Amino acid sequence: MTTNLLDYDLEGLAAFCEQLGEKRFRATQLFRWIHQKGASSFDQMTDLAKSLREKLPTSAAIKGVKLVSRHDSEDGTIKWLFDVGAGDIIETVFIPESDRGTLCISSQAGCAVGCRFCSTGHQGFSRNLTTAEIVGQLWFAEHCLRQQFKQQERVISNVVMMGMGEPLQNYAQLLPALRVMLDDHGYGLSRRRVTVSTSGVVPMMDRLAQDCPVALAVSLHAPVDALRSDLVPLNKKYPIAELLQACARYQQFAPRDFMTFEYCMLDGVNDQSEHARQLIALMQHHAKDGLVCKINLIPFNPFPASGLTRSAMPQVMAFAKILLDAGIITTVRKTRGDDIDAACGQLAGDVQDRTDVVRRMASQRQGMLGGIKVVMARETSA
Ligand code: SAH
Ligand code: SF4
């Protein structure tokens, strides 16, 4: 059995090298070859001792995720589908902007949370991804794009864990992956440029605050428990008050601008002025615990099985205005890559569906709408 070195953060790789009787600095060299140079074979690692280069293949390999297909959107967004075995397909999306490149990564094949408005949720849970499969998405995309753009330096500046799956229900595999992203010998991303998105797995938010306080996007979607439990079933286990208390605790470990609340706008369901007022009351109540909030309104990306529809843009803007007038920082997410079904919640992992290319939301491809800042899909931190 060979060990996949993409499964290790630097500490793990050092321990692995120790077992082989190698010094720690060898692990650093190896780590840099893999992540900074994108090496997939030990022969390429010319500054490693020849004896080690010969020894490594007997016990180790560098195995990325298996590419199924690539889809390029007319707006520059790229979506890759990867086969992780047993019929499970996961997706990774690259969203280029003038000042940054964001990669949206999957953490699970399917998802057990089962949110009503999410096609991954409708698909059900298949399995957790390994660290190698999580890191492998970044490793592949970064080095593929460097080649494509004929660029030596970093192409991906931001990572968001907003692909398929609930990252905090795969914590053990997620944590080393985050460490690889942040490591200066790995991808060297700053903590504010790596965002974990969660539907609110409260105990794991506390763990993350202790272990690796990166930026956090909290999928709120409703201001009251009855409605949130209907949309995000996990709310029955961790209701809103508990969730927001956990958010306030998280903010003691991470700078306050690290946290965003995501709110998917569903026509007639959670987008009425009454919901905006309830949201303001909720946020004001928790401000007493020290919670500082920023709300990102996401136009719903529809799919037939949901039975839900997207709020009309004037409704989204009216909702945003009520929040803004109450002094709550509010942004509206601009959707990218919808012509290749790469928008949030469309990541169902069903290859057959991909032939059904639908063009949507052309009217939203503008920088500003009604004076309210429209931010990029999945972009939650600068
Ligand atoms: N499981 C995590 C991360 C993956 S989902 C979470 O729920 O946060 C990433 C984001 O996409 C979440 O904010 C989620 O609420 C949003 N999302 C899911 N389905 C969507 C859809 N159909 N339209 C718009 N946003 C959606
Ligand atoms: Fe899972 Fe997030 Fe989709 Fe909910 S929105 S089903 S938590 S991936």
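Thresholds applied
Residues numbered from 1 in each chain as written. Chains lettered and ligands numbered in written order. Predicted model: local features only at pLDDT ≥ 70, side-chain atom pairs only at ≥ 80, totals over all residues. Heavy atoms only, no water. Buried < 20%, exposed > 50% of the residue type's maximum accessible area, 1.4 Å probe, protein only. Helix = DSSP H or I, 4+ residues; strand = E, 2+ residues; numbered from the N terminus. Pairing = 2+ DSSP bridges. Right-handed = clockwise from strand over helix to strand, strands pointing away. Near = heavy atom within 4 Å. Nonpolar A, V, L, I, M, F, W, Y, C, P; charged D, E, K, R; others polar. Polar contact = N/O pair within 3.5 Å; in protein donor to acceptor, adjacent residues only side chain to side chain. Areas by Shrake-Rupley, 256 points an atom, 1.4 Å probe, with all protein chains shown as cover. Contact = heavy atoms within 4.5 Å. Phe/Tyr/Trp six-rings, centres within 6.5 Å; stacked < 30°, edge-to-face > 60°. Core = buried A, V, L, I, M, F, W, Y, C linked by side-chain atoms within 4.5 Å. Domains from an automatic or database assignment. Salt bridge = Lys/Arg side-chain N within 4 Å of Asp/Glu carboxyl O.

## Things to note about the pairing of strand S14 (residues 329–334)
Here is step 1 of the chain: Burial of S14 is extensive: 5 of the 6 residues sit out of reach of the surface.
Here is step 2 of the chain: When strand S13 (residues 294–299) meets S14, the two strands line up parallel, connected through 4 bridges. Opposite Ile-295, over in S14, you have Thr-330 as the bridge partner.
Here is step 3 of the chain: Considered for its hand, the β-α-β crossover made up of S13, helix H11 (residues 313–325) and S14 is right-handed.

## A look at the site of ligand 2
Here is step 1 of the chain: The environment of ligand 2 is formed by Cys-111, Val-113, Gly-114, Cys-115, Cys-118, Gly-121, Gly-165, Glu-166 and Ser-199.
Here is step 2 of the chain: Broken down by class, the residue content of the shell around ligand 2 amounts to 4 nonpolar, 4 polar and 1 charged.

## Some thoughts on the site of ligand 1
Here is step 1 of the chain: For ligand 1, the set of nearby residues contains 21 residues, the closest of which are Phe-117, Ser-197, Ser-219, His-221 and Asn-301.
Here is step 2 of the chain: Here a nitrogen atom of ligand 1 and a backbone polar atom of Gly-165 are 2.9 Å apart.
Here is step 3 of the chain: In the environment of ligand 1, an oxygen atom lies 2.6 Å from a nitrogen or oxygen atom belonging to the side chain of Ser-219.
Here is step 4 of the chain: A total of 530 Å² of accessible area belongs to ligand 1 in isolation, and the protein chains cover 96% of it.
Here is step 5 of the chain: Taken together, the elements giving at least two residues each to the shell around ligand 1 come down to strand S10 (194–198), strand S12 (259–265) and S13.

## Thoughts on unusual backbone geometry
Here is step 1 of the chain: Positive phi, close to 50°, is recorded for Lys-150, a residue that is not glycine.
Here is step 2 of the chain: Positionally, Lys-150 belongs in the loop between helix H5 (131–148) and strand S9 (158–161).

## Section: the side chain of Ser-306
Here is step 1 of the chain: Tracing the sequence through the fold places Ser-306 in the loop between S13 and H11.
Here is step 2 of the chain: A distance of 3.1 Å separates a polar atom in the side chain of Ser-306 from the backbone nitrogen of Leu-308.
Here is step 3 of the chain: Aside from chain neighbours lying at most four places away, what touches Ser-306 is Arg-116, His-122 and Phe-300.

## Brief notes about the packing of aromatic side chains
Any two aromatic rings considered together are summarised by their centre-to-centre distance and by the angle between their planes.
Here is step 1 of the chain: Within this structure, the stated rule accounts for 5 aromatic pairs.
Here is step 2 of the chain: Here Tyr-263 and Phe-319 contribute two aromatic rings whose centre-to-centre distance is 5.2 Å and whose plane-to-plane angle is 35°, an arrangement assigned as tilted. Residue Tyr-263 is located in strand S12, and its partner Phe-319 is located in helix H11; the two are separated by 56 residues in the primary sequence.
Here is step 3 of the chain: Residue Phe-319 is classed as buried on the basis of its relative accessible area of 1%.

## Structural notes on the nonpolar core
Here is step 1 of the chain: Core analysis: the biggest nonpolar cluster contains 113 residues, and Leu-30, Phe-117, Met-181, Leu-208, Phe-261 and Leu-297 have the highest contact counts within it.
Here is step 2 of the chain: With 8 residues, helix H6 (residues 171–182) is the single largest residue contributor to this core.
Here is step 3 of the chain: Both domain 1 (3–61) and domain 2 (66–375) contribute no fewer than three residues apiece to this core.
Here is step 4 of the chain: In contact with Met-181, not counting residues within four places along its chain, are Ile-105, Ile-134, Leu-138, Val-159, Met-161, Tyr-187, Gly-188, Leu-189 and Val-194.
Here is step 5 of the chain: Listed in part, the 6 residues of the second largest apolar core include Val-93, Ile-95, Met-162 and Ala-217.

## Some details on the pattern of salt bridges
Between side chains of opposite charge, pairing is possible as soon as their charged atoms come close.
Here is step 1 of the chain: Counting across every chain of the model gives 15 salt bridges.
Here is step 2 of the chain: Across the salt bridge formed by Arg-192 and Asp-257, the nearest N and O atoms sit 2.8 Å from each other. Of this pair, Arg-192 sits in the loop between H6 and S10 while Asp-257 sits in the loop between helix H9 (240–250) and S12, and the two are 65 residues apart along the sequence.
Here is step 3 of the chain: Taking relative accessible area as the criterion, Arg-192 reaches 32% and is therefore assigned partly exposed.
Here is step 4 of the chain: A relative accessible area of 39% means that Asp-257 is categorised as partly exposed.
Here is step 5 of the chain: Lys-321 is the partner of Asp-325 in a salt bridge, and the nearest nitrogen-oxygen pair spans 2.8 Å. Highlighted residues: Asp-325 and Lys-321, both in helix H11, separated by 4 residues, approximately one helical turn.
Here is step 6 of the chain: Among the residues examined, Lys-321 registers a relative accessible area of 47% and is labelled partly exposed.
Here is step 7 of the chain: One network of salt bridges, in which partners are shared, links Glu-97, Asp-99 and Arg-100.

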